[in-house]
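# Close look at the chain arrangement
In case you want the letters, here they are:
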Amino acid sequence: MSRAATPVATTILYLGIAILYLPMVVLIAYSFNASPLVSVWGGFSVDWYLRLLHDEQILAAAWLSLRIGVAVSTVALLLGTLAAVALVRFRRFRGRLLLSGMVNAPLVMPEIITGITQLLLFISMLHVLGWPHRGALTILIAHVTFCTAYVTVTVQSRLQSADRALEEAAMDLGAGPVAAFLDTTLPIIAPALLSSWLLCLTLSLDDLVISSLVSGPGASTLPMVIYSKVKLGVTPDINALASLIISVVGVAVLIAGGTMRRAEKRRLLERQQTGS
Amino acid sequence: MSGASAVGARIARRASRHARWLIILPPLMYLFVFFLIPFAFALKISLADLALRVPPFTDILTMSHGDHIRLSLNLGNYRYLFTDDLYILSYLYSLRTAFFSTLICLLIGYPMAYAIARAPKSTQNVLLLVIILPFWTSFLLRVYALEGIIQEHGLLNSLLLRFGLIHHPLQIMQTTLAVYLGIVYSYLPFMVLPLFATLEKLDIALLEAAADLGSPPWRVFLEVTLPLSMPGVIAGSMLVFIPAIGEFVIPSLLGGPNNLMIGRVLWDEFFGNRDWPVAAAVSIVFLVFLAGPIAVYQHYSVKQIET
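To keep things clear, this report deals only with the structure shown in the data block.

About the thresholds
- Residues numbered from 1 in each chain as written.
- Chains lettered and ligands numbered in written order.
- Predicted model: local features only at pLDDT ≥ 70, side-chain atom pairs only at ≥ 80, totals over all residues.
- Heavy atoms only, no water.
- Helix = DSSP H or I, 4+ residues; strand = E, 2+ residues; numbered from the N terminus.
- Buried < 20%, exposed > 50% of the residue type's maximum accessible area, 1.4 Å probe, protein only.
- Contact = heavy atoms within 4.5 Å.
- Areas by Shrake-Rupley, 256 points an atom, 1.4 Å probe, with all protein chains shown as cover.
- Lys, Arg positive; Asp, Glu negative; His and termini not counted.
- Charge placed at Lys NZ, Arg CZ, Asp CG, Glu CD.
- Polar contact = N/O pair within 3.5 Å; in protein donor to acceptor, adjacent residues only side chain to side chain.
- Salt bridge = Lys/Arg side-chain N within 4 Å of Asp/Glu carboxyl O.

We now examine the overall build of chain B. What chain B contains, in helices and strands, is 13 helices and 2 strands. Burial statistics for chain B: of 307 residues in total, 49% are counted as buried. Contacts in chain B between residues far apart in sequence, at least 24 positions, make up 70% of those at least 6 positions apart. With an accessible surface of roughly 15200 Å², chain B has 69% of that area assigned to carbon and sulfur atoms.

Shown next, in the form of structure tokens:
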């Protein structure tokens with residue numbers, strides 16, 4: 001598409017981008033406002049950030065969210081990759097339709113429905129089996145469900161474009177199917193694995209609705225604490241926390257994106273050099 | 001010897017066929033138990049009665065004396081949904097809000113996706129990253145950030161007051177307008193990305209052919225570009241419409257007491273009234289309503305993966 005872009009569309013594009021970013025930029029700017037009033041600029045200050053370091057409730061919630069997030073991403077990465085391999089590599093098996101339906105449905109299901117139905121399951125399980133108690137564990141189980149779906153879709157599209165010839169060559173040279181997969185296909189899908197792990201981490205760290213529904217007393221994740229504070233109005237310490245999270249995630253995504261693009265270029269170059 | 005190796009190969013093949021299940025079963029079982037089964041439980045509980053015990057609803061299957069299994073279905077929860085105005089009105093209200101937000105997203109998102117598709121390759125990657133980035137940052141925090149702009153003493157009102165365009169701060173928070181702003185702001189990237197995916201694949205030669213044959217630009221757009229980008233329009237619209245209809249955070253933080261979207265009603269039913277059978281019934285009816293749009297989305301997204 002080399003033809004000059006329609007000026008109107010381009011104008012709307014840049015306006016749209018400006019609108020997408022303006023609130024975040026303003027939020028970050030005001031997080032350095034010394035005045036507790038949102039509308040009045042009272043000079044530069046990092047007080048609100050320092051105050052965060054002493055907020056036990058927020059620190060505890062952040063630590064809980066982080067632990068849940070890392071566990072969720074790891075389990076979901078494993079389950080989602082298995083599902084993607086099954087859907088791409090095994091053309092026919094019993095339950096294929098069921099599996100592909102179950103990995104696509106969570107992506108479009110409203111969170112509130114997923115959350116309520118899962119809560120009803122956990123309550124019934126607890127009543128009959130005496131397990132699981134509502135809290136960090138039920139949040140983890142619920143997050144793994146929708147994260148697995150995201151991993152499957154991401155890895156699936158990557159796996160579809162991966163060349164199987166290398167893997168077959170490795171097997172012809174005597175490698176077992178598992179070893180052949182690990183040596184040839186795994187490096188190709190590695191960027192997709194990394195990006196889906198990161199995506200799961202941010203999705204899990206961000207989830208409010210499902211966590212609130214399936215959690216029990218005592219287990220409050222970071223979004224749950226933020227929501228209850230925000231419900232009372234805009235506050236300067238939440239400004240600082242929000243700015244911190246937005247910048248950390250933004251920088252991480254940029255670095256991950258850059259690294260992946262470089263790895264991809266290197267891989268393409270190597271392939272050209274080996275003449276395959 | 002050859003017979004033995006044939007048998008060996010057959011055993012190996014059968015073994016690998018069984019080994020496949022080591023790959024298929026873990027995700028299949030996990031999603032079956034923790035995603036699909038919950039809907040069965042919701043259905044079951046929606047047919048139960050509210051009861052003062054733990055868990056707070058009755059069993060629909062009970063063993064009566066003489067080993068007869070007694071099935072008592074209570075359709076009262078569903079009847080209640082259709083007699084109480086609150087539920088019907090909030091369904092309709094959610095439907096309307098989601099529909100118009102999707103339309104606004106489409107009207108803004110289409111030119112954006114079009115401009116990205118027409119940009120040079122190097123700019124394209126940067127623009128895509130810029131659109132995707134908000135998707136990675138916290139949804140809750142972006143809604144909160146928007147609140148900072150549109151609240152009574154927020155940036156928008158301060159600017160308008162300073163330039164003398166208004167004399168009193170505009171009341172945007174807790175209005176329907178705030179809910180629309182919130183949904184469009186939050187879901188715009190979901191609209192742009194699938195639209196870009198189809199517009200990028202569009203064969204430019206077709207457009208040039210139409211133009212060469214004398215079609216004015218608007219006709220080229222209406223008769224060639226738009227029909228060919230329909231899969232993207234539908235995928236993007238569903239990606240906005242379906243989550244918007246069940247949205248809870250936006251009406252709860254930005255909307256007022258009148259913006260009763262179904263997600264909010266469900267939340268209140270759960271955390272306020274603790275009436276779980278009714279909440280389960282609302283979820284089931286909601287799901288039935290959503291089955292159509294979800295099926296449309298699945299159909300088009302599967303098509304897009306295959307091509």
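This part covers the overall build of chain A. Helices and strands together make up the secondary structure of chain A, namely 11 helices and 0 strands. Along chain A, helices and strands appear, N-terminal first, in the series α-α-α-α-α-α-α-α-α-α-α. Across its three principal directions, the C-alpha atoms of chain A cover 70 × 65 × 35 Å. For chain A, contacts bridging at least 24 residues in sequence account for 68% of all contacts bridging at least 6. Averaging the positions of the 19 positive and the 14 negative side-chain charges in chain A gives two centres separated by 7 Å.

Let us look at the side chain of Asn-104 of chain A. When you line up the elements, Asn-104 of chain A lands in helix H4 (residues 96–108). A distance of 2.9 Å separates a polar atom in the side chain of Asn-104 of chain A from the backbone oxygen of Ser-100 of chain A. Beyond its immediate chain neighbours, meaning those up to four positions away, Asn-104 of chain A contacts Val-153 of chain A together with Gln-298 of chain B.

Let's shift gears to the interface of chain B and chain A. Contact residues are listed per partner, giving 85 residues for chain B and 90 residues for chain A. Scanning the region where chain B abuts chain A turns up 0 salt bridges. On the surface where chain B and chain A come into contact, there are 10 residue pairs in polar contact (both at pLDDT 80 or more). Looking at which element gives the most residues to the side of chain B that touches chain A, the answer is helix H1 (residues 2–46) of chain B, with 20 residues.

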